[in-house]
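Here is what each chain is made of, one letter per residue.
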Amino acid sequence: MAVRIGLAGAGRRAATAHAPSLAACGEARFAGVWAPRPEAARRLAETHGVPACRSFGELLSQCDAVAFAVPPAAQPALASAAARRGKAVLLESPVAGDLAGAQELVLAVTQAHVTSQVALMWRYAFAVRDFLSAGVPRTHPQGGSGRLVSAAFAAGSDVPAWRIEMGVLRSFGPYLIDLLDAALGRVGGVRAHGDPQGWLGLMLEHSEGRFSEASLTATATPDSQRADVEIFGSGGAAAVDCQAAAGQEAFGTMYRFHEIHWRGLADHHTMVPRVVTTPRRPITYTTSWDAAARLPLSGGSYRDSKQGSYVCSTEMLAHSTPAPGTGGWHFPSSEKVCARPAGLEPATYCLEGSGEEAL
């Protein structure tokens, strides 16, 4: 039986990415749309021939899993409610507006024993999967670097205000941090310098004595945008152009993977690749990333809400302002990766006005 997947949100990302991919995923059934703005939900639902739900509870009654396309401040409460109803959840990144919200979501998912996943789109792109499974191991990695240069916050852009308020690190950093984490091992320490609203640099300490540097900005000109990662080691170098790799195809692969995973057909302990051929080319539904076996997972999923909270805590630590002369925050290795660092008071972000529609 096909998994019934509902969509929470009817803004730009829901309309241009999630809904088309859900509608095209023959292995799952697009169960319906709910959004805080009923008219937007109705329009999106009509486009894809699915029901528009009058309430979030109605959506939950019609689906087995929920994909979220809502601002981070709204996501913890909604996803926690879905988890308590026994629904698997596919979360947008960042998973919450603050660390407390991320922890709340982790707790709800853990207690409900449901599958949770984070939509880190780079990881579902064919070139990125090949980079991680074949390119990186050949290098015998020792370290690396990554860049995310975006024009999202440049003058004249129509990015929602909450993204600008969160800054480049918390708006787009999860993708870069996650990929460096996958290639070099879990991040145990981070130091930051620069301007969260301009150019930001991170120095990351990974497990097994590896190190990386990450540079991020969202105020570049459109013609200078790029996103790439390079890994170096005794066996050479490997690189991937993430901007070129991650398109709409990655969304389709993500939903196919999740449909299989939610039906319990994927081995989440070994993440053995399973390939289904299409007229165009093979699509890998699951992955063979070595990092999967090392992560503490809740609900039997990869890159789940707990990992999302871990990334959130890493970002917020680097995002906050350190005391003068300290050289930045240091995030020591610890199993308690979701704990709020002493003295760090994360900001909160509210769902207001155009936030949801502009997502």
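So, here is what we can say about the structure in this document. Numbering of residues starts from 1 in each chain and follows the order in which that chain's sequence is written. Only residues with pLDDT of at least 70 are given local features in this predicted model, and only at 80 or more are side-chain atom pairs given and counted; all residues enter the totals for whole chains, interfaces and linings. To get the side-chain values, take all heavy atoms of the structure and skip hydrogens and water.

## Remarks on the overall build of the chain
Spelled out, the test is: Runs of H or I in DSSP of at least four residues are treated as helices and runs of E of at least two as strands, each being numbered from the N terminus. Accessible area is worked out with a 1.4 Å probe on protein chains only. A residue is then buried under 20% of its type maximum, exposed over 50%, and partly exposed in between. Here, residues are in contact when the closest pair of their heavy atoms is within 4.5 Å. Note on areas: these come from Shrake-Rupley sampling with a 1.4 Å probe, and a residue is covered only by the protein chains present in the view.
Scanning the chain from N- to C-terminus turns up 10 helices and 13 strands. When the 359 residues of the chain are sorted by exposure, 57% land in the buried category. Long-range contacts, defined here as pairs at least 24 residues apart, represent 70% of the contacts in the chain between residues at least 6 apart. For the chain, the exposed area adds up to about 14,500 Å²; of that, 54% sits on carbon and sulfur atoms.

## Brief notes about the nonpolar core
Just so we agree on the cut-off: Nine residue types can take part in a nonpolar core, namely buried Ala, Val, Leu, Ile, Met, Phe, Trp, Tyr and Cys, and a core is a set of them joined through side-chain atoms within 4.5 Å.
Judged by nonpolar contacts, the single largest core of 94 residues is most densely connected at L7, F56, F68 and L202. When sequence neighbours within four positions are dropped, the list of residues in contact with L7 reads A14, H18, A19, L22, F30, G32, V33, W34, L44, L59, A67 and A69.

## As for the packing of aromatic side chains
What describes a pair of aromatic rings is the distance from one ring centre to the other and the angle between the planes of the rings. The criterion, for reference: Any Phe, Tyr or Trp ring, taking Trp's six-membered ring, that has another such ring centre within 6.5 Å forms a pair; planes under 30 degrees apart are called stacked, those over 60 apart edge-to-face, and the others tilted.
Tallied over the full model, the rule gives 4 aromatic pairs. Taken together, a centroid distance of 6.2 Å and an interplanar angle of 50° make the contact between F56 and F68 tilted. With F56 in helix α3 (residues 56-61) and F68 in strand β3 (residues 65-68), this residue pair connects regions lying 12 residues apart in the sequence. Ring plane angle 40° and centroid distance 5.9 Å describe the contact between W122 and Y175, whose orientation is recorded as tilted. Pair noted here: W122 is in the loop between β5 (116-118) and α6 (126-139) and Y175 is in helix α7 (residues 161-184), with a separation of 53 residues, a long-range link. There is no split in this pair, since W122 and Y175 are both buried. Counting every residue linked through ring pairs, the aromatic cluster contains W34, F56 and F68.

## Let's talk about the state of the cysteines
Selection rule: In what follows, a disulfide is any cysteine sulfur pair within 2.5 Å.
Throughout the structure, instances matching the rule amount to 0 disulfides. Between C53, a cysteine without a disulfide, and C63, which holds the nearest cysteine sulfur, the sulfur-to-sulfur distance is 7.9 Å. A relative accessible area of 5% means that C53 is categorised as buried. On the accessibility criterion, C63 (0% relative accessible area) is buried.

## Considerations on the sheet that holds strand β6 (residues 141-149)
Filter applied, for reference: In this analysis, strands are considered paired if DSSP registers two or more bridges between them. Where helices are involved, their axes are fitted lines through C-alpha atoms of the stretch in contact, as for all axes, and angles between N-to-C directions lie from 0 to 180°.
The strand order across the open sheet formed by 6 strands is β7-β8-β9-β6-β10-β11, and the pairing between neighbours is mixed. Strands at the two margins of the open sheet, each flanked by one partner only, are β7 (187-194) and β11 (236-241). Pairs of neighbouring strands in the sheet enclose a mean axial angle of 15°, with direction left out of account. One ladder, built from 8 bridges, connects β6 with strand β10 (residues 226-233); its direction is antiparallel. Across the sheet, the residue bridging to G144 is I231, located in β10. Sheet contacts for α7: β6, β7, β8 (199-206), β9 (211-217), β10 and β11; angle to β9, the most-contacted strand, approximately 155°.

## Re the pattern of salt bridges
What counts here: Any Lys or Arg side-chain nitrogen found within 4 Å of a carboxyl oxygen on Asp or Glu counts as a salt bridge.
Scanning the model with the defined rule gives 10 salt bridges in all. The partner of E92 in a salt bridge is R13, and the shortest N-O contact between them spans 2.4 Å. On the criterion of sequence distance, the pair formed by E92 in the loop between β4 (88-91) and α5 (99-112) and R13 in helix α1 (residues 12-24) is long-range, its members being 79 residues apart. Given a relative accessible area of 3%, E92 falls into the buried group. Here R147 makes a salt bridge to D228, at a shortest N to O gap of 2.7 Å. Of this pair, R147 sits in strand β6 while D228 sits in strand β10; the two residues are 81 residues apart in sequence, bridging distant segments of the chain. Each of the salt bridges in this network shares a partner with another, and the network as a whole consists of E39, R42, R43 and E46.

## Side note on the pairing of strand β2 (residues 28-34)
To keep it simple, the criterion reads: Assignment of crossover handedness uses the view with strands pointing away from the viewer, where a clockwise path from the first strand over the helix to the second indicates a right-handed crossover.
Across the 7 residues that make up β2, a large majority, 6, are buried. Where strand β1 (residues 3-8) lies against β2, 6 bridges are found, and the strand directions are parallel. Following the sheet pairing, G6 is matched in β2 by G32. Each parallel crossover has a hand, and for β1 linked through α1 to β2 it is right-handed.

## Quick look at unusual backbone geometry
Looking along the chain, the bond that leaves S93 and enters P94 is cis, with omega of 0°. Relative to the helices and strands, P94 resides in the loop between β4 and α5. At E208, a residue that is not glycine, the phi angle is positive and equals roughly 65°. Exposure remark for E208: the relative accessible area of 60% places this residue in the exposed category.

## Considering the side chain of T217
Convention followed: Counting of polar contacts relies on pairs of N or O atoms within 3.5 Å, with two restrictions inside protein: one atom must be capable of donating a hydrogen and the other of accepting it, and residues adjacent in sequence are counted only when both atoms are side-chain atoms.
Assignment of secondary structure puts T217 in strand β9. With a relative accessible area of 4%, T217 lands in the buried category. Reaching out from T217, the side chain makes a polar contact with the side chain of T219 at a distance of 3.1 Å.

## Some points on the sheet that holds β5
Strands sit in the order β2-β1-β3-β4-β5 across an open sheet of 5 strands; the sheet is parallel. A single partner strand is all that each edge strand has here, and the edge strands are β2 and β5. In this sheet, adjacent strand axes meet at a mean angle of 20° when their direction is disregarded.

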